[in-house]
Structures are given as structure tokens and as C-alpha cells.
Amino acid sequence: MTSPDGAVFTDGTRPADVLTVVAVTDVTPSVRRVTLSGAPAAVSAAGPTVNLLVPRPDDPAPQWPRIQRDGRIVWPQGSHGVALRSYTARRQDPDLGEVDIDFVLHGDGPAAAWASAARPGAVLAVAGAASLAERFTGWLLLAGDETSLPAISRLLAAAPAGTTGVAFLEVAGPEEEQPLAGPPGIAVHWLHRGGTPPGESTLLVDAVAALERPEGDDVFAWVGAESATVRAIRADLRGRWGLGRAQHHAIGYWRRGRAMSPAG
């Protein structure tokens, strides 16, 4: 049972924020941008990293979970068909009540299936959000594949004008490159894996391995890609580069052979 305004249930939980699709755009052959509309407060809270509740594509009335005061999700009993996936919002505009989410369409996970079928009027929900764990320093390393492009685009856009560094972005080919805005001192390198399947290339690992560590401690590295790739780069950053915990953030965005967030 809800309160009269529908904002809070009598057990203290609240409903998930439901967003509605208003536009769908294919940014590249494998990336689909879904523009969602919602209340300004819901859009403002939907990022930069956002936990999406993704229904089955053919479900017009999903059984959404409730959210506890501490952010924990209370799932409905029985089969509900809603999957939890973590994404980075490419754009948030609370004034317009819009948020853009980019979905990578390779794979057969629930999010890719939902995005492939998404049309205006479709719905999904938001169950919470978090930061990108960024830290802006004088020298910045960014490394990732298609799944981390929204995060890296936001990091580049937010980096101070005088920041220097390198960004390595692995994609299938030139057709998958996207315009990125950032400080002129950060060199952006697109790495094309060609016919190598996602998650099987060593391009990112090799690129970081060939990079000389900058001098000093005013350094931060942010890495997001397939889990095995991230583990290898993290080991290099901790070992050869000697970076401490506060100097890097490396997260496996997906795992080859499994439907995971956010590529799932």
C-alpha cells in the first residue's frame, strides 16, 4: 500500500523510479542510444553510474522491486522477469527531464535484448546510482572498450583544461568511433580489433604495457573493460607503475561468455 502521493510505501520502502523511452538512435553499428524521460529528480539521480531495472522486451507491466531507505532492493516474490544492470548515463538533463543511456548490442543478455527492441513508450526503472570513482590529477590514463565509452566520455568532458594524459579506446573498427570532447593535453587513441571478437583482443593490455609511467605521483588511471583485460591492466598499474589504491580505479564491466552489466 502506498501513501496518497504514491511516494512511499507503508513499510518504509519507495517505488523504483520509472523512466519512459522517448527516442532511440543508433550511434554506431553496435551502440544504440536510448533517450529516457522522467521526473527531474529521477533524472538527476540517474547517474553517472546508474543501476537499471531492465524488464523483458515483451512485458508491458513489469513487476518492479521496491527500494529501501538504505538503497537495498526488495524484489517481488516469484518470477518477475526484471534484470539488474549497471550502466553509465551518457547525458543527464534534469531541466528537460531526459537521460541518455548507450547500450552495446553485441551479446544476448537482457539489457541488449531490451535495447534492441526499445521503442518510444517502452519503460525501464532506476534503482540507485553511484559515482565513477574518478579523481582528476595532472596526468590521467583512461582505458576501455565500447562498454566504458559513456564513462570515459564523461571523464574527458569533466577533466580540467590543463590535464594531460592518454586515453585508449578499443572498438571493432573506425565505424565504431565516437566524437569525444576533452582537454587538448589528453591524447585519444582508438584501437581497432577488426575481426577479433569482443573480449578476446589484447590491444588494451598491450597499449598500457607499452606506455611509460609518467614521473611523479600526480597520476590517476581509470580502466573499464572485459574482466580479464581489466585484471591484466590492473596488475601492470600496481606492479610496474607502482600505483596505490587512491591512484587507480579498474573495474570489469563485463565478462566474456556471460551476460553481465553493463554490456549484458
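Before any of the text, the structure's been laid out above.
Chemist: Looking at this structure, I do not really get the sheet that holds strand β14 (residues 248-254). What am I missing?
Modeler: Pairing between the strands of a sheet comes from backbone hydrogen bonds, and it takes one of two forms, parallel or antiparallel. Spatially, five strands are ordered β12-β11-β10-β13-β14 in an open sheet, and the strand pairing comes out parallel. Unpaired on one side and paired on the other, β12 (186-192) and β14 mark the two borders of the sheet. The mean inter-strand angle of the sheet, taken between neighbouring strand axes irrespective of direction, is 10°. Along the sheet face, helix α3 (residues 149-158) touches β10 (139-144), β11 (164-171), β12, β13 (219-226) and β14 and points at about 165° away from the line of β10. The strands touched by helix α5 (residues 227-239) within the sheet are β10, β13 and β14, with β13 carrying the most contacts at an inclination of about 160°.

Chemist: Would you mind showing me how to read the side chain of T28 here?
Modeler: In this fold, T28 is placed in strand β2 (residues 17-28). Only 2.3 Å separates the side chain of T28 from the side chain of E176, close enough to count as a polar contact. Once residues lying within four places of it in the same chain are set aside, the contact partners of T28 are E175, E176, E177 and Q178.

Chemist: Sorry if this is basic, but what is going on with the environment of P120 here?
Modeler: In this structure, P120 sits in the loop between α2 (110-117) and β9 (123-130). For the pair formed by P120 and L52, sequence separation is 68 residues and the distance between their alpha carbons is 17 Å.

What counts as what
- Residues numbered from 1 in each chain as written.
- Predicted model: local features only at pLDDT ≥ 70, side-chain atom pairs only at ≥ 80, totals over all residues.
- Heavy atoms only, no water.
- Pairing = 2+ DSSP bridges.
- Helix = DSSP H or I, 4+ residues; strand = E, 2+ residues; numbered from the N terminus.
- Axes fitted to C-alpha atoms, helices over the stretch in contact; angles between N-to-C directions.
- Contact = heavy atoms within 4.5 Å.
- Polar contact = N/O pair within 3.5 Å; in protein donor to acceptor, adjacent residues only side chain to side chain.

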